[in-house]
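Each chain, letter by letter, is given below.
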Amino acid sequence: MRKVNAWQGPFRCGKVCQGDAQLLHCALAMDRPLLLASTLCYLAAVVRTLLAPREKIWHPGRANFLAIAAGFLFQTAFLSVRGHALGRCPLTNLFEVFVFLAWSVALIYLLVGPAYRLSLMGAFTAPLVFLIQTFALVAPVDVPHPIRLPANPWLEFHASISIIAYGAFALACVAGVMYLVQERQLKTHELLSVFYHLPPLTTLFSAITRLLWLGFSLYTAGLISGFFTGGPLPRVKIIGALAVWFFYGMILQGRHRRWFAPKRVAALCVVAFSAAVSLLWAIDFVSQNHPI
Amino acid sequence: MNLFCIGLSHHTAKVEIRERYALQRSEEALRAQSGCAEALILPTCNRVEVYGAAPAQIATEKIAECLVGGGAVTLQDANAFYRHEKQACVQHLFRVVSGLDSMVIGETEILGQVKKAYANARESGSAGPCLHRLFQRAFRVAKQVRSRTEITRGAVSVGSVAVELAVKIFGDLSERKVLILGAGETSERTARALSSRGVSDIRVSNRSRERAENLAALVRGRAVGFDQWPRECGEIDILVASTSANEPLLTPALLSPLLRERSDRPLFIIDLAVPRDVAPEVNEMEGVYLYDIDSLQSIAQQSLALRRQQIAAGEEIIAAHVSDFVMRLTGVGETAAAQIPIPGALDQTSLRVSEL
């Protein structure tokens, strides 16, 4: 195993840490409180959302935004500490992938939410990020990867940009859920409290389209950069990645050519993201011996 | 200083009685006749109230006589008057200005009306330190009740529900195209409501071309021949149907080929006609949102019910302000009593101080 020079300093733990592997293990354990703090911030946003209807006043916008912003800061600190420890982008196991995905979702929400005045998106985003992160914390997936590859900028670019693309797809999924909720209320004439706080249908559909294009562009860049990593490309990963690319490409083409009605596009965003996340897990499960 | 409110409203008097007292009397005359140090008349379509401050008790009948212009007040009219003093007066005004005492709970028009009445009293010099503080606080209370509760949420009339739904589907309405089918009174009201929300492209179609042109002129739209309206459905975003046809004019069979031309734009149909102009099956079609008069009325009722639920939250805010205001007023009243009975003596400086 290559020497991890990053451990000479702030993360040295005296007698407990003997050798690089132990140092790494110790440092990895130290960053978890940051992730826990981040998860608690998202939990606060979820609780706020759940309590809002009881108060008969649904104003989760600002509180959710602040809670998500705080959660994002803790996530960033976590990824920074772990990345520093690993000496590379922290995407070496499924745990890190999920945390990076949650971070990407929060990042795109913080960038896109206010721009499109989709403040209520926070009420839908926080539960998604909370679930992803809780799964990462609870499931036994934080296993240090047995094979340690030297730092590879192309590989790191490929992995990080692909996960950020997943973040955009996740937000498109969130906007899709909001669209479906709003559309259903308008169709059935049963208007709940949330109806008055959700954005108009046309605004939501415009956000879905833009998020899909953003995600698709990033994912395409990630896919292309994957071919420059230099290492052997596992077939299962290529097939999985292409399947996701084709699925989203088909949605965009269907939207562009008006094959699908807006409601169908919104529903497909939800299906596509669920499938893409499942595939991410499946690929990792199948290719245990290959770093993501 | 005795702070009081004497008046009648939709709760206590029918319109026949209210209208007798609604004629605007001058506050100066009222003060001169009744002996009030300060007076403010609040005349709206649902209430006529006098808020006043006086060193001695003023009889309700005296105020009623002043309002009616010196004429006789019948027993029936006298029974319709209510009187609130001190704390009850403060509470009543806070409830009125917050829309809790309105016929349509949570309506915001009352705030503008109270502000106008206050401005008139200020201008005439009839509002002194007591009323200034009272009304300034009342405006603060109204703002808090509106922002901290959902008392104003949701539309409560058919026209405003239709406009609110249109906004929830399309967002900005200024670029939307509207077709009004039938040029009756209901269509006119809805067309005006849409026009007030920025819709500039309004087309009117009616069996009588002349009536279509008249309505089109009123809402700055254009008339369309009655045989051409189905073709317009491919272009428009909102259809308001209110004809007297006995059979549905718009059916899925008629709309289906037109929807293909519309790409993915939603179509919002407001069917105000009885019998209905649009077959209910149209609502099953992708991207079409059909609301008939019953659906709109039901939403208006729901909003009203929600507003009623919010009354308790509003009352809590008001109660806190009432006790605080009354506590402070006791101090002001003592100092003001020595200075007040100088009609018209209020200048801009004292007004600014009282506003602070």
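Residues numbered from 1 in each chain as written. Chains lettered and ligands numbered in written order. Predicted model: local features only at pLDDT ≥ 70, side-chain atom pairs only at ≥ 80, totals over all residues.

A short note on the overall build of chain A
So, point 1. Within chain A, the secondary structure is distributed over nine helices and zero strands.
So, point 2. Expressed as a percentage of the 292 residues in chain A, the buried residues total 43%.
So, point 3. By sequence separation, contacts in chain A at least 24 residues apart represent 77% of the contacts at least 6 residues apart. (Helix = DSSP H or I, 4+ residues; strand = E, 2+ residues; numbered from the N terminus. Buried ≥ 20, exposed ≤ 12 C-beta atoms within 10 Å, placed from the backbone. Contact = placed C-beta atoms within 7 Å.)

Structural notes on the overall build of chain B
So, point 1. Along the backbone of chain B there are 15 helices and 10 strands.
So, point 2. Radius of gyration (C-alpha) of chain B: 26 Å, far over the 21 Å computed for a compact globule of 356 residues.
So, point 3. For chain B, the proportion of its 356 residues judged to be buried stands at 47%. (Rg over C-alpha atoms; globule rule 2.2 N^0.38 Å.)

A word on the nonpolar core
For soluble globular proteins, nonpolar side chains are generally found buried alongside one another.
So, point 1. Counting 134 residues, the largest nonpolar core has Phe169(A), Leu171(A), Ile208(A) and Ile269(B) as the members making the most contacts within it.
So, point 2. In this structure, Phe169(A) is in contact with Gly215(A), Tyr248(A), Ala272(A), Phe273(A) and Ala276(A), ignoring residues within four places of it in sequence.
So, point 3. Grouped together as the second largest cluster of nonpolar side chains are 55 residues, Ala37(B), Ala39(B), Ile41(B) and Ala142(B) included. (Core = buried A, V, L, I, M, F, W, Y, C linked by C-beta atoms within 7 Å.)

Considering the interface of chain A and chain B
So, point 1. Taken residue by residue, the interface counts 15 residues in chain A and 21 residues in chain B.
So, point 2. Going through the elements one at a time, helix H6 (153-188), helix H7 (201-226) and helix H9 (262-286) of chain A are the ones with two or more residues in the side of chain A that touches chain B.
So, point 3. By residue number, the principal contributor to the side of chain A that touches chain B is H7(A), which donates three residues.
So, point 4. Residue composition of the side of chain A that touches chain B, by class: eight nonpolar, three polar and four charged. (Nonpolar A, V, L, I, M, F, W, Y, C, P; charged D, E, K, R; others polar.)

Brief notes about the environment of Arg328(B)
Residues and elements named next belong to chain B.
So, point 1. Within the secondary structure, Arg328 sits in helix H14 (residues 311-339).
So, point 2. Classification of Arg328 by C-beta neighbours within 10 Å gives exposed; the count is 12.
So, point 3. Once the C-alpha coordinates of Arg328 and Ala191 are considered, the two residues, 137 residues apart in sequence, prove to be 49 Å apart.

Let's talk about unusual backbone geometry
Trans is the common state for peptide bonds, and a negative phi is the common state for residues other than glycine.
So, point 1. Look at the link from Val274(B) to Pro275(B): it is a cis peptide, with omega at 0°.
So, point 2. By the element assignment, Pro275(B) lies in the loop between strand E9 (267-271) and strand E10 (288-292).
So, point 3. Even without being a glycine, His189(A) presents a positive backbone phi close to 70°.
So, point 4. A positive phi angle, close to 55°, is found at Arg220(B), a residue other than glycine.
So, point 5. Assignment of secondary structure puts Arg220(B) in the loop between helix H10 (209-218) and strand E7 (222-224).
So, point 6. Of the residues examined, Arg220(B) has 12 C-beta atoms within 10 Å and is grouped as exposed.

Quick word on the environment of Ile110(B)
So, point 1. Residue position: Ile110(B) is located in helix H6 (residues 109-124).
So, point 2. In this structure, Ile110(B) is in contact with Thr44(B), Val96(B), Val97(B), Gly99(B) and Ser102(B), ignoring residues within four places of it in sequence.

Quick notes on the packing of H7(A) against helix H8 (residues 235-256) of chain A
Residue and element names in this part refer to chain A.
So, point 1. At their nearest, the axes of H7 and H8 sit 10 Å apart, and the two run at 145° to each other. Between H7 and H8 lies a crossing whose hand is left-handed. Seen from H7, the contacting residues are Thr209, Leu212, Trp213, Gly215, Phe216, Tyr219, Thr220, Leu223 and Gly226; seen from H8, they are Ala241, Trp245, Tyr248, Gly249, Ile251, Leu252 and Arg255.
So, point 2. Split into classes, the residues belonging to the contact of H7 with H8 amount to 10 nonpolar, five polar and one charged. (Axes fitted to C-alpha atoms, helices over the stretch in contact; angles between N-to-C directions. Left-handed = near helix turned anticlockwise from the far one by under 90°.)

Some thoughts on the sheet that holds E7(B)
All names here are of chain B.
So, point 1. Reading across the sheet, the six strands line up as E7-E6-E5-E8-E9-E10 and stay open at both edges, with parallel pairing between neighbours. Strands at the two margins of the open sheet, each flanked by one partner only, are E7 and E10. On average, each strand axis in the sheet is inclined to that of its neighbour by 20°, with strand direction left out of account.
So, point 2. Sheet topology places strand E8 (residues 238-241) next to E9; four bridges connect them, and they run parallel. Considered in E9, the bridge of Val240 is made with Ile270.
So, point 3. Against the sheet, helix H8 (residues 158-170) contacts E8, E9 and E10, and its axis sits at roughly 170° relative to E9.
So, point 4. Relative to E7, H10 is tilted by about 155°, and along the sheet it contacts strand E5 (177-181), strand E6 (201-205) and E7. (Pairing = 2+ DSSP bridges.)

Concerning the sheet that holds strand E2 (residues 38-43) of chain B
All names here are of chain B.
So, point 1. Here four strands make up an open sheet; going across it, the order is E2-E3-E1-E4 and the pairing antiparallel. A single partner strand is all that each edge strand has here, and the edge strands are E2 and strand E4 (82-85). Taking each pair of neighbouring strands and ignoring which way they run, the sheet shows an average axis angle of 15°.
So, point 2. Where strand E1 (residues 2-9) and strand E3 (residues 47-54) come together, eight bridges link them in antiparallel fashion. Paired with Asn2 across the bridge in E3 is Ala54.
So, point 3. Helix H2 (residues 27-34) rests against E2 and E3 of the sheet, and its axis sits at about 130° to E2.

Some thoughts on the confidence of the model for chain B
Residue and element names in this part refer to chain B.
So, point 1. Here chain B averages 85 in pLDDT, while 92% of its residues score no lower than 70.
So, point 2. Below a pLDDT of 50 lies the segment residues 333-356, which in the model reaches 28 contacts outside its immediate sequence neighbourhood of four places, other chains included.
So, point 3. Overall fold confidence for the complex sits at a pTM of 0.71, while the interface term, ipTM, reaches 0.71. (pLDDT = per-residue confidence, 0-100.)

Structural notes on the pairing of E3(B)
Residue and element names in this part refer to chain B.
So, point 1. Within E3, eight of the eight residues are buried, which leaves it mostly tucked inside the rest of the structure.
So, point 2. Burial along E3 is two-sided: the face carrying Arg47, Glu49, Tyr51 and Ala53 and the face carrying Val48, Val50, Gly52 and Ala54 are both buried.
So, point 3. Bridge count for E2 against E3 is six bridges, and the pairing is antiparallel. Within E3, the residue paired with Ala39 across the bridge is Gly52.
So, point 4. Between E2 and E3, which pair antiparallel one after the other, the connecting turn spans three residues.

Re helix H9 (residues 185-196) of chain B
Residues and elements named next belong to chain B.
So, point 1. Across its 12 residues, H9 extends 16 Å between first and last C-alpha, which sits within 8% of the 16 Å expected from 1.5 Å per residue.
So, point 2. If you check which residues of H9 are buried, you get Thr186, Ser187, Thr190, Ala191, Ala193 and Leu194. Along the axis of H9, the buried positions cluster into a sector of 160°, meaning they face one direction only. Away from its buried face, by an angle of more than 90 degrees, H9 presents the exposed residues Glu185 and Ser196.
So, point 3. At its buried positions, H9 is contacted by H8, E5, E6, H10, E8 and E9. (Expected span 1.5 Å × (residues − 1). Arc of directions from axis to C-beta.)

Quick look at the confidence of the model for chain A
Residue and element names in this part refer to chain A.
So, point 1. Taken over all residues, the pLDDT of chain A has a mean of 80, while the share at 70 or more is 78%.
So, point 2. Ranking the helices and strands of chain A by mean pLDDT puts H7 first, with 92, and helix H1 (residues 19-30) last, with 60.
So, point 3. Note that pLDDT drops below 50 for residues 1-18; the model gives that stretch 30 contacts with residues more than four away or on any other chain.

Brief notes about the pairing of E8(B)
Residue and element names in this part refer to chain B.
So, point 1. Because side chains alternate across E8, one face comprises the buried residues Ile238 and Val240, and the other comprises Leu239 and Ala241, equally buried.
So, point 2. Two strands pair when backbone bridges link them, and E5 and E8 are joined in this way by four bridges, in the parallel orientation. If you follow Ile180 over to E8, its bridge partner there is Val240.

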